[in-house]
Every structure is written in C-alpha cells, then in structure tokens.
Amino acid sequence: MSRIPGRKTSTPPDSLVPGWEPEPEPEHSWTLAQNEVTSEKPSPICKSPECIHLAHKLHNYRDPTVDPCQDFYKAACGKYNEHTTVMGILLPEMKLAIRNLKILLKHFLQFVSSTETQSTLFLSETAGYRNEIARDQNDLKDLFQAIQTIGAWPTVTENWSESEFDLSDMMANVASLGSDRLGLFKVEVRFSLPVFFIWPVGTEFPAGYLEQSVKNIFAANNIKVDERVLEEDFKSFEALEAELSQLKYSPNASWGQLIEVQTHIPSVDFEKIFKSFMRLEGRDDMWNKIKDKITTINDPTAFESLETILKNSSKRTLANFIIFRYINLMTLYFSQQRKMPCEKEVVKMFPLASLRVFVRNHFDKQNLKMAAEMVEHLRKSYIEMFEQSTWLHEETREKAILKAKMMDYMIGYPEEFEKPGALDKTFKSVIIPKMLNLLETDSYFSSLTKICQFQMEQSVDYVAGLVGLIATEDLIFGASYQPLRNSLDVTVTILDDPMFDSTYPAYANIAGVGFIIGHEIGHGFDPNWRKMNEKGEKKDWWTNEDSIEYDKRAQCLIEKYNDYDDPTYGRNLNGSTTIGEVVADILGVETAWRTYKSLDMSNEATIFGFEDFGLDKLYFHIAALTWCSAREEFPLETKLTHPHATPSFRVNGVFSNMKVFAETFNCPIGSPMNPEKKCEMF
Ligand SMILES: [Zn+2]
C-alpha cells in the first residue's frame, strides 16, 4: 500500500552559491527508534524540532478541562489566547513573507540570474527610499519629468492653448507609464479568465491630499504658479470628480465587450490607449489578439452620460484632471509604500524571483513531491466518496468523478522554473527579448515605473495567450481553486509548519495540509461552482433530481450555521453567505479523513505527550489546530459579509457533522458534538 512519505530525504537545495556544500543529512533519532520497533513495542516519538514545536502548540492551546464532546473547539484551542497574541487563524503566511525578505537581503547578491539581480537593485532602491527623506526630491523631479510626457499641463504652462489637447493621447501617455489608472478609467487583469476589465472611476482618492502633493512637486522643481490659477484649477478638478461620481450603472448591466461599447463614447480612443500598454513592435498584431478580450460594464446609457460630461467639460479641466489623478495615484502610492516593509514590496514586485530564491534556499523540494502525492490521495478519496454516494444518479456520478479526475494542479511553482535561465525567460517579453533593466542610478520612482511598464507588457502577453502564466503574489500565498480552469494552486508558503513538515508523521500532514487541499478541491463541488464542468466551462452536468437533492443537503448546512451558537456572535450568523466555504470544509474534512484511514499508519511516530492518546484523537486535535485563533474583532455586520464561517464553527460545526468524530471521542448521542441531525453532502 502506498503511503505519503513522512521521511526527510537528503536533497541538497539547488543552490548556486559558490562554495556551497550540502550538509550531511542528520539522522533522526526517531527513525532509528522506529527500526527497532516490533508490533508489541509502543510507537516511537517524533523528535524533530518541528514535531516538538507541534507538540508545544497542541499542549499549550488545548484546554484539557473541557469535554471534547461538549465543545471541541474549546478543548483543542481554548487556551490559544494565553499563549499567543496573533490574530486570526494559524496560517503562517505573514511569517513567511517576512522570512522571505530576509532571505532576499542575505542571499541575493550571490546569485547569477539577472532577474534576481534586478530584484536586488529594487530592494536597495526601496530601502534607500525609506531611509533617506532627501531622496524624495529626486523622485519628485522624476515624477515631474514623467508628467511632462503625458501632455501639456495647463496649470504650469503659460499660454496653454486648447489646440494642444487630445484626451485619448493623454490617457495613452499615462498608459505608457505602466499605470493601470488612466484618469477617467481603471484597468485590471482578471487572471482567471483571462481578460482585461476596464471601467470608469468616480471619486478615487481622499480629498485634500492632492493639493499638498502638487505643491511638493512645484517646490522640488522650482515651479512658481499663480495661487489663484492653482485654486481655480483645483476647483474645476473637484467639480468634475463630483460629476463623475454621480454616474450610476444599471444594477442589471452585465459584462460586455469594450469594442461594442466604444461607439457610445467616441471621445475616447480605447484602441490607442491599450496599444500604449504594449511594446512598440507589433502593436497592431497584439491589438488583434486582445481586442475581444477587453470587457467592461455593458451599460450604453451610462457611457453616453459619460460622453456628455466629457463634451461639456472644458479642455483645460480635462487636461488638468488626467494629470492631477496621476499625481494623486503616484504620491499616495509613495506614502503607502513607505509604511510597508521594503522586502514585502520586493516580493510584490518580483513574486517569481522571490519565490524562486525562497524555494532554492529554504525549502526542501521533497515537500513539493509529498504535497503532489497528497493531492493524488485526496483525489482518490473524492472519487471513492462519489462512488459510495447513496443518492447520486449514475449520470451525475460519472461527471463528478470525471471532474475530480481532470482537476489539474500546481504545487509550489511550475516545474519549468527549475531549468537554468528559465526564470529570466519569464522576465523577457515574448516577441522582443528585452529584459527589465533597472539601473543603479534610477530613483525609486523610475524603478517603479519601469517595473509597472514591464508588468503591463507581460499582462498583455498573458491576455493575448502568448504566455501561460503570469507572476502574481497569488503564486506565493495560500492555496486556491481556479473554477474556470478546474485547477488547484498550492503554494510553498502553506507547505510549512504548523500544517506541514517533511519530518511530521503522515497523519499530521494529512490533518493539516491534507485538509486544506481537500477543502480547495471541494470548491469544485460547492454550490457556487458545482455547475462548471471538468474543463471549467459553465455546463450544468447535474440531473434535475440530483440538483434538487444537492440543494436540500446544502440547505441543511445553511440552517446548521444559522442555528449555531457562536461564542463571539451568538445565533446571529447567516448560513447563506458562507455556504460555499462550509461545503468545502465539510468535503475537505471528509476526504482528508478518508485519506488518513486508507493509509497504513502503524509505523508512524507519535507526538510527545500524546503517546497514549490514540492516533484518531490526535488526528482531530491536529486538524483543529489550523483554526485556533484569537477572538475575532470584526463587528457582526462585517462578519456577516465574510465568506468563511467562524473558527469555532469550522471545528465544532464541521466535526460534529462527522459520525467518526463522535465514535473517536465516544460522544453520547445528543451531546453538542454528536447531534442526532447531521448534514451529509454525498
Ligand atoms: Zn475556501
């Protein structure tokens, strides 16, 4: 019988540091102990530092005075607040992000990839930017230069004339600077589809900020402007902004193609604007590849109203408007970034390079293999669950199994990045092999502009279908299910303790990360996404009868959450908002348990202090650990908008639904953790 490997094997990290020698793999004392074990002897204890850490958490957070049949969340997590001040669930993302930064600082200079060199340069830029206020002046000078490329700025141009003004040109020039905000519009890439989405913006930034920013730019560039002129220009800006914010869209408006909406707003040449996001070469060809993939709100009336506003506004006001909004955007960004640790910004701007360095230096690649095996085990458990379902009709059952079988996944990062030079390739444009080229002499502003331009060019490549992957932070943080690809992304940051470790016994990894993967697969069968087929197309594959039965079963869970007496919120929660996540939890926990039971655990080590506990009980304690958290601080009305159930429900509500939980802890029928009424999905 195959089992998830729980052994650390000696795989030296793929490091390019000269002179780096792999350390000899330490022999784990528990591995030796295990060899001596016969069937009569007690299980060995896992003594790796990670296991000891896990043991500490399990002991510190649990409250042994609480009966697990009464309130298992309290029994497993009741003393969490006494031992930690961390708000929220135990996902180690933040910790890792910070660690990632340190790695970057420490190792980057020693690497040979030019992408990494670029990240290092940017890191020193961001660090310098935060440390020396004097550098502000350089940035404000560069910002002013950038503004001059947008078009003549009426406020500072003596004898500015209307004939110099072209609205589409100005917006196209803002696009050339890599900005996704173009004064009147905002552009976004919807990665999962993939398309560009563009929509008009009303009020964008807090009022009052602009004036100070503009004055700072004037001071840094020795520009003198008549106070009265400036005041008038600000007033017209605010008036236009107020008018734009009055624009309302029909709540029934769907998405439509931009090229269809274009006719309702002839003042704006969208083709010209989008071409400015592209490299100079081959723009016509690229435009043909993406023009059908630019979507917007399909509300011709609203766009006609916007056209009327543009026609009625003075050209001076419009020209100032485009520039003022750009200033607002950039200066606000500067001030926000200053508050962010610079390493975090590097991770944001160079997600792939950061990830690559992290994996190379601090991540045991064996973990990726183990996680991939875990996905396969969970897939099998899903298939088994569908096969054993007592109510699915054959037709639906087959399609459900097909969807589980066809579900694709990516763990850590795409394998092709392992090849030398592969990472640099992702930083080259597809058609013209031009690399991102930050220079040591660049100011923070210029570096940022170069990166944004580059990212926009890459987004165009991605939407045009020329590259299959785009670097976003999603590649680093968490796990997710992509319904439109029927695909699962599990990133390296969750493949770490407390949820995962290569030295953990197999059941601990299944209870931790196995559940998370099971949960994500479950989204493919949750009320929101169940009608998408195995290719991620919207195609209802459920028989009518099965659909009705499914909804009835989901309704049971909605009511369960509605009736749940949460320690923080009481019986005030709304099961309809959370049903997608609750179903994913129910399916995740069920399939993780099936996986745990299908594998041979007889040789697995136990955890300190839990030697006499029995693996099943220990399994549930480890599974609950993921949701141990400080008391939530959200007001009820905020919580009611959250898609996830409360941590307490994610343990009590979900586990009390499992017959095996009640059996494991011997909970009497009718006790809170063994209610007579259970909601079973499949
Ligand atoms: Zn989820």
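Everything below is about the structure printed above this text.
Report follows, based on the coordinates. (Residues numbered from 1 in each chain as written. Predicted model: local features only at pLDDT ≥ 70, side-chain atom pairs only at ≥ 80, totals over all residues. Heavy atoms only, no water.)

1. Here's the deal with the state of the cysteines
Stage number 1. Under the definition given, this model contains 4 disulfides.
Stage number 2. Between the sulfur atoms of Cys46 and its disulfide partner Cys51 the distance amounts to 2.1 Å. On the S-S bond that ties Cys46 to Cys51, the torsion sits near 85°, and the link is right-handed. Of the two residues, Cys46 and Cys51, neither departs from the other in class, the shared state being buried.
Stage number 3. Sulfur-sulfur distance for the disulfide between Cys556 and Cys679 comes to 2.0 Å. Judged by the sign of its S-S torsion, about -75°, the cystine formed by Cys556 and Cys679 is left-handed. Taken as a pair, Cys556 in helix α23 (residues 544-562) and Cys679 in the segment after α28 (659-665) lie far apart in primary sequence, 123 residues in all.
Stage number 4. With a relative accessible area of 14%, Cys556 lands in the buried category.
Stage number 5. Taken N- to C-terminal, the disulfide-bonded cysteines of the chain are connected 1-2, 3-7, 4-6, 5-8. (Disulfide = S-S within 2.5 Å. Buried < 20%, exposed > 50% of the residue type's maximum accessible area, 1.4 Å probe, protein only. Helix = DSSP H or I, 4+ residues; strand = E, 2+ residues; numbered from the N terminus.)

2. Some words on the sheet that holds strand β1 (residues 185-190)
Stage number 1. Here 4 strands make up an open sheet; going across it, the order is β1-β2-β4-β3 and the pairing mixed. The sheet is open, and its two edges are formed by β1 and β3 (255-257), each paired on a single side. Looking at each pair of strands side by side, their axes are set apart by 35° on average, direction ignored.
Stage number 2. In terms of strand pairing, β3 meets strand β4 (residues 294-297) through 3 bridges, oriented antiparallel. By the bridge assignment for β4, Gly256 is matched with Thr296. (Pairing = 2+ DSSP bridges. Axes fitted to C-alpha atoms, helices over the stretch in contact; angles between N-to-C directions.)

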